[in-house]
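Listed below, chain by chain, are the residues.
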Amino acid sequence: MSVTVVGAGVAGLVCAIELASRGVKVEVIEQNSSLDQNACSWFAGGMLAPRCEGEIAEPSIVEMGLPAIDWWERHFDKVERRGTLVVSQPRDAAELKRFARRTDGHVWLDGTQVSELEPDLSGRFNTALFYAEEAHLNPREALAALHKRLVELDVPIRYGVSMSDSTLGTVVDCRGLAAKDKLDDLRGVRGEMLLLRLSEINLTRTVRMLHPRFPVYIVPHGEGLYMVGATMIESDSYASMSVRSAMELLGAAVALHPAFGEAEIVEMGVGVRPAFPDNIPDVRRAGDVFYVNGLYRHGYLLAPAMAMKVANMITGVGHNSGVLG
Ligand SMILES: Cc1cc2nc3c(=O)[nH]c(=O)nc-3n(C[C@H](O)[C@H](O)[C@H](O)COP(=O)(O)OP(=O)(O)OC[C@H]3O[C@@H](n4cnc5c(N)ncnc54)[C@H](O)[C@@H]3O)c2cc1C
């Protein structure tokens, strides 16, 4: 059997690795000429944070996400399993309590414990939540590593090639939001992000700062680079970041640590997350086409589970499909 995976975002690359690892003959086609023109995966924070996502996500997301860190560690040697720190300003302490009530897998820390974990936050927060199981990665390095792994597995990746109705055989459609032409209920959720560079402080794990209106997270991407994200706007617009979003993200970063006020703004990016109405990803089937989509804000976290599901369907192990009418 041979399979064409369409789309070299995180979903397509992870699906291709899973299928190729099971001995299926696979090729990947991607309409863009390189990974950095990607619609969504390029702009991600790279959090592998199933416990924290439980704050707003269904329990099934937490369950599917927990094994993902192991998957990534098997395929990418730069996964940072250093946990997630969740803090708030003293006036937003109720947010921290609410977050704790809605999630599992945390311990409460006092100010001393916060500074032991992140010395540069010393004296800034006298209480925090810590999710020790969680991890993060630099998504751009991770995509490059997946690409390299596919080359090692002899999987051709053809850039500048678009899927058409004449794409033959078994197809795994991982086109993200572009698959809206076939998946009526798919919608876009716009996410704006910043990349900042600064050398004055060194944060080593994801830090989430809660706020009643604009919660933010900061993910260290290495070498003084920090991803600050992200807005969640019901829109499929790829227009540049708005002034309001920039002010909110930057204001929150500076509130976390004033050193961010001196940081260099390296990039202001916009990705549009593909989401189904319930924000839960799925594999749907129509004839020979399998749609892997709806990864919403969990592409890195849930691509391994979705890849396993579609590979099971294609190779005949398990039959948990949603069949399209
Ligand atoms: C700001 C932001 C922060 C995020 N942070 C996180 C995070 O910390 N952790 C996490 O797990 N997730 C995060 N996400 C979510 C994650 O990025 C998405 O869920 C994921 O990128 C979706 O991946 P995908 O492969 O389905 O789609 P995409 O990344 O959009 O990939 C689809 C690919 O298909 C290609 N394509 C489209 N049409 C065709 C065609 N006709 N022929 C060939 N190729 C085609 C596109 O060019 C594209 O490369 C974040 C998202 C955003 C926007």
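Source: prediction; values computed, not measured.

Peer 1: In this structure, what is going on with the environment of Arg149? I would like to understand it.
Peer 2: With respect to the helices and strands, the residue Arg149 is situated in helix H7 (residues 139-152). For the pair Arg149 and Leu13, spaced 136 residues apart in the sequence, the C-alpha separation amounts to 9.5 Å. Not counting chain neighbours up to four residues away, the residues in contact with Arg149 comprise Ile17 and His75.

Peer 1: What am I meant to see in the pairing of strand S9 (residues 170-173) here?
Peer 2: A regular strand places its side chains on the two faces of the sheet in alternate fashion. By the bridge criterion, four bridges tie strand S1 (residues 2-6) to S9 in an arrangement that is parallel. Opposite Val6, over in S9, you have Asp173 as the bridge partner. Taken together, the three bridges between S9 and strand S16 (residues 289-293) define a ladder with parallel strand orientation. Following the sheet pairing, Val171 is matched in S16 by Val289.

Peer 1: For this particular structure, what's the right way to read unusual backbone geometry?
Peer 2: Leaving glycine aside, a negative phi is the common case for residues, and trans is the common case for peptide bonds. Of the consecutive residues Gly229 and Ala230, the connecting peptide bond is found in the cis state with omega at -20 degrees. As for its placement among the helices and strands, Ala230 is situated in the loop between strand S13 (225-229) and helix H8 (243-256). A positive phi angle, close to 55 degrees, is found at Glu223, a residue other than glycine. Position of Glu223 relative to the elements: it lies in the loop between strand S12 (216-222) and S13.

Peer 1: Before we go on, may I ask you to explain the sheet that holds strand S4 (residues 84-88) in this structure?
Peer 2: What holds strands together in a sheet is hydrogen bonding between their backbones, with the strands either parallel or antiparallel. The eight strands are arranged S5-S6-S4-S11-S12-S13-S10-S14 in an open sheet whose pairing can be described as mixed. Among the strands making up the open sheet, the edge pair consists of strand S5 (107-110) and strand S14 (264-275). The average undirected angle you get between the axes of adjacent strands in this sheet is 25 degrees. Pairing analysis gives five bridges linking S4 to strand S11 (residues 206-210), with the strands arranged parallel. The residue bridging Val86 from the neighbouring strand is Arg208, located in S11. Where helix H5 (residues 93-102) meets the sheet, its contacts fall on S4, strand S6 (127-131) and S11, and the angle it forms with S4 comes to roughly 145 degrees. The sheet strands contacting H8 are strand S10 (187-197), S11, S12, S13 and S14, and the helix crosses S12 at an angle near 75 degrees.

Thresholds applied
Residues numbered from 1 in each chain as written. Predicted model: local features only at pLDDT ≥ 70, side-chain atom pairs only at ≥ 80, totals over all residues. Helix = DSSP H or I, 4+ residues; strand = E, 2+ residues; numbered from the N terminus. Contact = placed C-beta atoms within 7 Å. Pairing = 2+ DSSP bridges. Axes fitted to C-alpha atoms, helices over the stretch in contact; angles between N-to-C directions.

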